[in-house]
Amino acid sequence: MKVMKFGGTSVGSVESILSLKKIVEAEQEQVIVVVSALGGITDKLIATSQLALQGNETWKQEFDAMQQRHHDMVEAIISDTEKRTTLLATLDDLFEQLRSIYYGVFLIHDLSPKTQATIVSYGERLSSHIVATLIRGGQRFNSRNFIKTVRKQGKHTLDAELTNQLVKEAFSPVCCCSTATNKTVPVVPGFISRDRDTGETTNLGRGGSDYTAAIIAAAMDASVLEIWTDVDGFMTADPRVIKTAYTINELSYVEAMELCNFGAKVVYPPTIYPVCVKNIPIKVKNTFNPTHPGTLIKQKIENDHRLIKGISSIKGTTLITVTGLSMVGVIGVNRRIFSTLAENGISVFMVSQASSENSTSIGVRDEDAERAVEVLNVEFAKEIVTGAMFPMHAESGLATIAIVGENMKHTPGIAGKLFGTLGRSGISVIACAQGASETNISFVVDAKLLRKSLNVLHDSFFLSEYKVLNLFVCGIGTVGGNLLEQINSQYKQLKETRQLKLKVVGIASSKKAIFNRDGIDLRTYKEQLEQGGASNIQRLKEEIIGMNIFNSVFVDCTASADVAALYQDLLDHNISVVTANKIAASGPYPAYHKLKKTALQRGIKFLFETNVGAGLPIIGTINDLLASGDKILRIEAVLSGTLNFIFNTISSEVSFSETVRLAKEKGYSEPDPRIDLCGKDVIRKLVILTREAGYQVEQEDVEKHLFMPDSFFARQSGNAERFEGSIDDFWKNLPQLDADFEARRKVLESENKRWRFVAKMEGGKTSVSLEAVGQHHPFYGLEGSNNIVLLTTERYREYPMLIQGYGAGAGVTAAGVFANIMSIANI
């Protein structure tokens, strides 16, 4: 025999109640059905009683609307005329009783608890008549005849012994005598009960229909208790907040209780106790999706290896701190706190106490906060006056989160991982608590960080099927465009092989920007950008920081100083930065050092591998050498793929000016080749490598020996970043250098040498110059736009380490940026 409970949403519409009928009638074994009021009716009953109490005539319209809703339901689902007529008459009799009660409240302006309990009982009384008439073999049982309460300390509590006896007496004859061909299906109104002494109508509290079902299941030794609702079962987290949340297949009683107590409204918490004692499993199922297996709750879960089962949360938390020096070592302070709150009907769902005993923080709901502060201040009034204790301090605007799982017991590192994960995401924990059972770690955060907290924990503890990295990509030129194409092409493979989702949530060009926390379709991002809002630095900052999304990475594929200036703010908000933009890492040393230090302190990443050598692992190799205890003594490098291409291409047939134009056309050079030709780009790269090698250096410290007249690179007055002449003037004047370069090239050719623009660092001293290298030099055979780096270290002194490969091009640079992104995903 099983007990099936159907909630308000399961009887709240024509679709759902017909689904209920189909589900119940498909059962082969004996069942007892417990039903809630039609969805929303209990709230409506209470609201209407308040209108009547206030003398507001509109209670009549609200009452008529409730009656009409029940009439409409019956008309839609009961096709048999005789049954429909009988049922409507029964409902109307109940509504007339209810109307009389409301009218009395309206006349005398009084609403006692007894009257209120009677009013709210009508929801289940009405719905149970409808369901009993609808389903084949349905027979209504009045739960007030066997669910009995007793008044204790001003509250109605279950008289378990008497109730169990009466439940058995009520249902044993039915369950014994029913047959497959002539089966009686008892239908019971949930929630409502009767005082054993006075006979007055009482109730089991909000969610009491679940409790009714559990009481009957326990008394009748049911094989299972099924809770039918509007969700597929317990979810790993709130699906409205976490899109990747999924149904938990199995939970232990303890895990289910913990999740219920902290906001998972799938099952009413007291429901679990009666069936837990009898070791009766609970199955949570979806009336709207009955084929889904749902969640099974039982004593012990076999082959369960997940440490964390679910994450639950309570919004609207206020933290009240009771503090004072007189609390230290004094017995009875906590008793006074909790007794005072209990006497005033205030529930505490979390307690955190300092080991010094001088403060205790308690979590209450916002609606109870003002009253809690008031009664505690009264309770400790004498101590507050003498200064032995301080007035109560209440902090609102908070949320409480709980991670739940029985496998956390005796597993080291869970709390460390929890707080480390939150810290790396810039989330501060205001208070925390963990019981000795180790099945629940609860903590309080700023309510504004609730969504971010839930997402990062869900992802970190592998409750999500995939790890998610949220990317903001700035710049959609050759590098940025290639990067977005690579991400799009690799998306499916990364999901399948790495369980990784790279979700682009923001894209910005120089003119337009789009943001979507659910992700942007990269197949159509260009079209979406055309419809996007204006792109400017202030909007970028506000949108990225304001989105407050977990596992965020800002990807800079521009050469903009304004964009680079955003890095510090982003890192301060725990947003990792991956950049192909050299400006920040080669700018003033204090700013560079602060960026590195911030990333280190916050446990996030500031990565710029592609600043030097495009996709070559140069910076990463230097970092690895230093981390392993080596020391960089000397760096010799050809760091400009553009210049290497130019000096490899120049010949008797191709002039110097033509090679520069070719470099731009092939995408090797900057849009303005003067940035490459003036050595600025190589100087920036050398400064970055020198800094990463452990030396403090500025661009102005680099000794420069250039190969073109300074007149080509004259800067605007007051703006060292802008050239004085136009780009058109540059192209017009460049051929003037061809004859000189050709003459020098012939000499070079006769000596069997080649030009290389070499960057050097030795002991912190830096220089760049155009050098002629012979055929035995490692740089001689460097082809095309390749880069080469020789690292002389204490370990690699006799035979320097050589790194060589493509050092320019949008594809390899984008791939290097992609690799940096992947390194963050693998943290």
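Read on for a plain summary of the structure. What you see is a predicted model, and the numbers here were worked out from it, not measured in a lab. The written sequence of each chain sets the order in which its residues are numbered from 1. Residues qualify for local features only when their pLDDT is at least 70, as the model is predicted, and side-chain atom pairs are given and counted only at 80 or more; totals for whole chains, interfaces and linings, by contrast, use all residues. By convention in this description, side-chain values take in all heavy atoms of the structure and omit both hydrogens and water.

We count a stretch as a helix when DSSP gives it H or I for four or more residues in a row; a strand needs E for two or more, and each element gets its number in order from the N terminus. Counting its secondary structure elements, the chain contains 29 helices and 33 strands. With the radius of gyration taken over C-alpha atoms, the globule rule is written as 2.2 Å times the number of residues to the power 0.38. Relative to the globule expectation of 28 Å for 827 residues, the C-alpha radius of gyration of the chain, 37 Å, shows a markedly less compact shape. Projected onto the principal axes, the alpha-carbon positions of the chain cover approximately 115 × 70 × 55 Å. Any residue under 20% of the maximum accessible area for its type is buried, any over 50% is exposed, and the rest in between are partly exposed; the area is computed with a 1.4 Å probe on protein chains only. Counting only residues that meet the buried cut, the chain has 52% of its 827 residues in that class. Of the contacts formed within the chain by residues at least 6 apart in sequence, a portion of 72% connects residues at least 24 apart. What sets the accessible areas is the Shrake-Rupley method with a 1.4 Å probe; for residues, cover comes only from the shown protein chains. Total accessible area computed for the chain in this model is approximately 36,700 Å², and 50% of it derives from carbon and sulfur atoms. The sign given to each residue is positive for Lys and Arg and negative for Asp and Glu; His and the chain ends receive no count. Each charge is placed at NZ for Lys, CZ for Arg, CG for Asp and CD for Glu. Averaging the locations of the 89 positively and 92 negatively charged side chains of the chain gives two centres separated by 2 Å. Contact between two residues is taken to exist if any of their heavy atoms lie within 4.5 Å; hydrogens are not considered.

The sheet built from seven strands is open, its strands ordered β22-β21-β20-β19-β23-β24-β25 with mixed pairing. Only two strands of the sheet have a single partner each, and these edge strands are β22 (533-534) and β25 (606-607). Strand pairing requires that DSSP identify at least two bridges connecting the strands. By the bridge criterion, two bridges tie strand β24 (residues 576-579) to β25 in an arrangement that is parallel. Bridging across to β25, V578 finds its partner in L607. Helix-sheet contacts for helix α15 (residues 478-498) involve β19 (467-474), β20 (500-508) and β23 (552-556), and the interaxial angle to β20 is about 155°. An axis is simply a line fitted to the C-alpha atoms; with a helix, the fit covers only the stretch in contact. Between two such axes, the angle follows the N-to-C directions and lies from 0 to 180 degrees.

Okay, the environment of D221 next. Tracing the backbone through its elements, the reader meets D221 in the loop between α7 (208-219) and β9 (224-229). The exposure class of D221 is exposed, given its relative accessible area of 52%. In this view, D221 contacts K278 and I280; residues no more than four positions away in its chain are not counted. Counted as a polar contact is a pair of N or O atoms within 3.5 Å, where, for protein atoms, one must be capable of donating a hydrogen and the other of accepting one, and residues adjacent in sequence contribute only when both atoms are in side chains. In this structure the side chain of D221 is engaged in a polar contact, spanning 2.9 Å, whose partner is the side chain of K278.

With that out of the way, let us pick up the pattern of salt bridges. For this analysis, a salt bridge means a side-chain nitrogen from Lys or Arg found within 4 Å of a carboxyl oxygen belonging to Asp or Glu. In the structure shown here, the tally under the stated rule is 34 salt bridges. We note a salt bridge from R99 to E96, for which the minimum N-O separation is 3.5 Å. Of the two residues, R99 and E96 both sit in helix α4 (residues 81-108), three residues apart, roughly one turn of that helix. A relative accessible area of 27% places R99 in the partly exposed class.

Further remarks concern unusual backbone geometry. In the Ramachandran plot, Q499 falls in the positive-phi region, its phi being about 50° despite a non-glycine side chain. A positive phi angle, near 45°, is found at N551, a position not held by glycine. Along the polypeptide, N551 turns up in the loop between α17 (537-547) and β23.

This brings us to the pairing of β19. Of all eight residues in β19, seven are buried, a share of seventy percent or more. The pairing of β19 with β20 spans eight bridges and is parallel. Each residue of the ladder has a partner; that of K467, found in β20, is L500.

Another aspect to go through is the environment of S172. Mapped onto the secondary structure, S172 falls in helix α6 (residues 160-177). According to the relative accessible area criterion, S172 is partly exposed, its value standing at 27%. Residues S172 and R306 lie 134 residues apart in sequence; the distance between their C-alpha atoms is 41 Å. The residues contacting S172, other than those within four sequence positions of it, are V167 and M220.

This part takes up the sheet that holds strand β5 (residues 155-158). One open sheet holds the four strands; their spatial order is β5-β4-β7-β8, and the pairing between them is mixed. Edge positions in the sheet fall to β5 and β8 (201-203), since each of these pairs with one other strand and no more. Neighbour-to-neighbour, the strand axes of this sheet turn through a mean angle of 50°, independent of strand direction. Its contacts with the sheet place helix α5 (residues 113-134) against β7 (192-195) and β8, and it is angled at close to 75° to β8.

The N-to-C vectors of helix α3 (residues 59-77) and α5 enclose an angle of 5°; their axes lie 11 Å apart at closest approach. Looking at the two axes, α3 sits roughly parallel to α5. Contacts between α3 and α5 involve H70, V74 and I77 on the former and, on the latter, L126, I130 and L134. Asp, Glu, Lys and Arg are counted as charged, while Ala, Val, Leu, Ile, Met, Phe, Trp, Tyr, Cys and Pro are counted as nonpolar; the rest, among them Gly, fall into the polar class. Looking at side-chain class alone, the contact of α3 with α5 contains five nonpolar, one polar and no charged residues. Angles below 35 degrees are treated as roughly parallel, those above 145 as roughly antiparallel, those between 65 and 115 as roughly perpendicular, and all remaining angles as oblique.

With that out of the way, let us pick up the nonpolar core. Proteins that are soluble and globular tend to have nonpolar side chains buried together. Counting 106 residues, the largest nonpolar core has F656 and M708 as the members making the most contacts within it. Element by element, the count of residues in this core is highest for helix α26 (residues 680-692), at six residues. What M708 contacts, discounting residues up to four positions off in sequence, is F656, L677, F713, F730, L734, L737 and F741. By nonpolar core we mean a set of buried residues, namely Ala, Val, Leu, Ile, Met, Phe, Trp, Tyr and Cys, connected to one another through side-chain atoms within 4.5 Å.

In this section: the state of the cysteines. What counts as a disulfide here is a pair of cysteine sulfur atoms lying within 2.5 Å. Applying the stated criterion across every chain, the model contains zero disulfides. With no disulfide of its own, C557 has C474 as its nearest cysteine by sulfur position, at a separation of 8.3 Å.

Take the packing of helix α22 (residues 618-627) against α26 next. Viewed as axis vectors pointing N to C, α22 and α26 meet at an angle of 20°, and their least axial separation amounts to 9 Å. Classified by the angle their axes make, α22 and α26 are roughly parallel. When the axes of α22 and α26 are compared, the crossing they make is right-handed. Facing α22, whose interface residues are I618, I619, I622, N623 and L626, α26 presents I688, L689 and E692. By residue class, the composition of the contact of α22 with α26 is six nonpolar, one polar and one charged. Should the near helix be turned counterclockwise from the far one by less than a right angle, the crossing is left-handed, whereas a clockwise turn marks it as right-handed.

Here the focus is a nonpolar patch on the surface. A contiguous nonpolar patch, built from Y103, L107 and I108 and spanning about 320 Å² of accessible area, is present on the exposed surface. The residue Y103 is located in helix α4 in this model. Owing to a relative accessible area of 40%, Y103 belongs among the partly exposed residues under this scheme. Patch building starts from residues that exceed 30% relative accessible area and form no salt bridge, then joins like charges within 9 Å and nonpolar side chains (Val, Leu, Ile, Met, Phe, Trp, Tyr) within 5 Å.

Turning our attention to the packing of aromatic side chains. In this scheme Phe, Tyr and Trp rings, the latter by its six-membered ring, pair at centre separations within 6.5 Å, and the angle between planes marks the pair as stacked below 30 degrees, edge-to-face above 60, and tilted otherwise. Evaluation of the coordinates by the stated rule reveals 23 aromatic pairs. Ring centres of W59 and F63 lie 6.4 Å apart, and the angle between their planes is 70°; on these two criteria the pair is classed as edge-to-face. Note that W59 and F63 are positioned in helix α3 at a spacing of four residues, about one turn of the helix. Residue W59 is classed as buried on the basis of its relative accessible area, which comes to 2%. You can call F63 buried: its relative accessible area is 0%. Taking the centre distance of 6.3 Å and the plane angle of 25° together, the rings of Y103 and F106 count as stacked. With Y103 and F106 both in helix α4 and three residues apart, the pair spans about one turn of that helix. Linked through ring pairs, W59, F63, F95, Y102, Y103 and F106 together constitute an aromatic cluster. Here the basic side chain of R125 rests over the ring of Y122, its NZ or CZ set 4.1 Å away from the ring centre. Any Lys NZ or Arg CZ found within 6 Å of a ring centre and within 35 degrees of that ring's normal is scored as a charge over the ring. In this arrangement the basic side chain of R661 is found over the ring face of W731, its NZ or CZ atom lying 4.3 Å from the centre.

The topology assignment puts S352 in strand β14 (residues 350-353). Judged by its relative accessible area of 17%, S352 falls in the buried class. One polar contact links the side chain of S352 to the main-chain carbonyl oxygen of C432, over a distance of 2.9 Å.

Tracing the backbone shows R306 in the loop between β12 (295-298) and β13 (310-323). Sequence spacing of R306 and N407 is 101 residues, and the spatial spacing of their C-alpha atoms is 6.8 Å. Here the side chain of R306 touches Y246 through a polar contact of 3.2 Å, side chain to side chain.

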